[in-house]
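Each chain is listed here by its residues.
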Amino acid sequence: MTQSQTDPAAEAALLDAYAAGDADAARTLATKYTPLVFAHAFRMLNDRAEAEDVAQEAMLRLWRHAPGWDSAGGASVRTWLYRVTANLCIDRLRKTRPDGLPDDLDVADDGPGAEARLQNKARKMALEDALMQLPDRQRQAVVLRHIEGLGNTEIAQIMDIGPRAVESLTARGKRALATLLSGQRKGLGYTDDTVETS
């Protein structure tokens, strides 16, 4: 569901019911937003357990924030949750840096053979590793834009910066990724001069 498809009045009513302890409203919000929050946290942290903790904390903060929700002047629930999630991730990243990729990293099966699966896994691991080398704000902008597929306006709200700053962070992040991945181009099976970063 895109932000434009979200009805602010319906969100506000759902949050009112959630704040009042309505179990159906809680299930609806959890079903709708927890997968988005978890996926974003996992892409930022590259750690399933940490991402689960962040998702739980973000949803708990939504519950605490629900009684005073301002649908007229505030962001959508999705935008608010992305922002809270990003801030929680940045806090965790500042405390400790991950040592490596999780062993259970799943890769989609794009090809029929084992070679294609291994190559796709190597590409994904190289991208994840390169993402983790970016400064936090660049990584956040690149993930939100090119992996989550959000627009610059929504990213600007999430990151509390202007759209031009989003463009700048995204462009610098993509250039840094290209530099980090350029030496691996042949080993990752790219035959031309470009390395995909999205």
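Counting of residues starts from 1 at the beginning of each chain's written sequence and follows it residue by residue. The predicted nature of this model means local features are confined to residues of pLDDT at least 70 and side-chain atom pairs, given and counted, to a pLDDT of 80 or more, with totals for whole chains, interfaces and linings taken over all residues. The side-chain figures draw on all heavy atoms in the structure; neither hydrogens nor water molecules are used.

Re the overall build of the protein
Phase 1: When helices and strands are counted, the protein shows 8 helices and 0 strands.
Phase 2: Type-normalised accessible area, obtained with a 1.4 Å probe on protein chains alone, sets the label of each residue: buried when under 20%, exposed when over 50%, and partly exposed for intermediate values. Residue burial in the protein is summarised as follows: out of 198 residues, 37% are buried.
Phase 3: Long-range contacts, defined here as pairs at least 24 residues apart, represent 62% of the contacts in the protein between residues at least 6 apart.
Phase 4: Surface accessibility follows the Shrake-Rupley procedure with a 1.4 Å probe radius. Residue values consider only the protein chains on display as shielding. A total of about 10,800 Å² of accessible surface is found on the protein, and carbon and sulfur atoms cover 49% of it. Strands here are runs of E lasting at least two residues and helices are runs of H or I lasting at least four, both read from the DSSP assignment and numbered beginning at the N terminus. Residues count as neighbours in contact if any of their non-hydrogen atoms are within 4.5 Å of one another.

So, the environment of Asp24
Phase 1: Within the fold, Asp24 resides in helix H2 (residues 23-45).
Phase 2: For Asp24 and Leu14, which are 10 residues apart along the polypeptide, the C-alpha to C-alpha distance reads 9.3 Å.
Phase 3: A polar contact is formed between the side chain of Asp24 and the side chain of Arg27, at a distance of 2.4 Å. Two N or O atoms form a polar contact when they lie within 3.5 Å of each other; inside protein one atom must be a possible hydrogen donor and the other a possible acceptor, and for residues adjacent in sequence the pair counts only when both atoms belong to side chains.

Details of the side chain of Gln140
Phase 1: Mapping Gln140 onto the fold places it in helix H6 (residues 136-147).
Phase 2: By relative accessible area, which is 1% here, Gln140 ends up buried.
Phase 3: Leaving out residues up to four positions away in the same chain, Gln140 has contacts with Met44, Ala86, Ile90, Ile158 and Met159.

Quick word on the environment of Phe42
Phase 1: Take Phe42: it is sitting in helix H2.
Phase 2: The class of Phe42 is buried, set by a relative accessible area of 13%.
Phase 3: Separated by 47 residues in sequence, Phe42 and Cys89 have C-alpha atoms that sit 9.0 Å apart.

Concerning the packing of helix H7 (residues 152-159) against helix H8 (residues 163-182)
Phase 1: Only C-alpha atoms enter the line fits that serve as axes; for helices the fit covers just the stretch in contact. Angles between N-to-C directions range over 0 to 180 degrees. It is the contact of H7 with H8, at a shortest axis distance of 8 Å, that shows an interaxial angle of 95°. Relative to H8, H7 is oriented roughly perpendicular. Of the residues in H8, those touching H7 at Asn152, Ile155, Ala156 and Met159 are Pro163, Val166, Glu167 and Leu169.
Phase 2: Throughout this entry, Asp, Glu, Lys and Arg are counted as charged residues, while Ala, Val, Leu, Ile, Met, Phe, Trp, Tyr, Cys and Pro are counted as nonpolar. The remaining residues, Gly among them, count as polar. For the contact of H7 with H8, the per-class residue count stands at 6 nonpolar, 1 polar and 1 charged. Angle categories are assigned with fixed cut-offs, so that under 35 degrees is roughly parallel, over 145 is roughly antiparallel, 65 to 115 is roughly perpendicular, and the rest are oblique.

Focus: the nonpolar core
Phase 1: Membership of the largest hydrophobic core comes to 27 residues, with the highest contact counts inside it found for Leu15, Tyr18, Leu62, Val77 and Leu81.
Phase 2: Those residues within four positions of Leu81 in sequence are excluded, and the remaining contacts are Tyr33, Val37, Ala58, Met59 and Leu62.
Phase 3: We call a set of buried residues a nonpolar core when its members are Ala, Val, Leu, Ile, Met, Phe, Trp, Tyr or Cys and they connect through side-chain atoms within 4.5 Å of each other. Formed by 11 residues, the second largest nonpolar core is a distinct cluster that contains Tyr82, Ala141, Ile155 and Met159.

Some words on helix H3 (residues 48-65)
Phase 1: The span one expects for a helix is its residue count, reduced by one, times 1.5 Å. With 18 residues, H3 should reach 26 Å at 1.5 Å per residue; the first-to-last C-alpha distance of 25 Å fits that figure.
Phase 2: For H3, the full list of buried residues reads Ala51, Val54, Ala55, Ala58, Met59 and Leu62. Relative to the axis of H3, the buried residues are bounded by an arc of 130° and lie together on one face. In H3, the exposed positions that point more than 90 degrees away from the buried face belong to Gln56 and Arg64.
Phase 3: As for H3, its buried residues are in contact with helix H1 (8-19), H2 and helix H4 (77-95). Summarising the geometry, the arc corresponds to the directions from the helix axis toward the C-beta atoms.

A few points about the packing of aromatic side chains
Phase 1: Classification of ring pairs rests on two measures: the distance between centres of Phe, Tyr or Trp rings, Trp counted by its six-membered ring, which must be within 6.5 Å, and the angle between planes, read as stacked under 30 degrees, edge-to-face over 60 and tilted in between. With the rule as written, the count across this model stands at 1 aromatic pair.
Phase 2: Taking 6.1 Å as the distance between ring centres and 20° as the angle between the ring planes, the aromatic pair formed by Phe38 and Phe42 counts as stacked. Pair noted here: Phe38 and Phe42 are both in helix H2, with a separation of 4 residues, about one helical turn.
Phase 3: Look at NZ for Lys and CZ for Arg. If either is within 6 Å of the ring centre and within 35 degrees of the ring normal, a charge sits over the ring. The residue whose ring lies beneath Arg48 is Phe42, and the NZ or CZ to ring-centre distance is 5.1 Å.

What about the environment of Glu128?
Phase 1: Of note, Glu128 is situated in helix H5 (residues 114-133).
Phase 2: Put simply, Glu128 and Met44 are 84 residues apart on the chain and 9.4 Å apart in space, counted from C-alpha to C-alpha.

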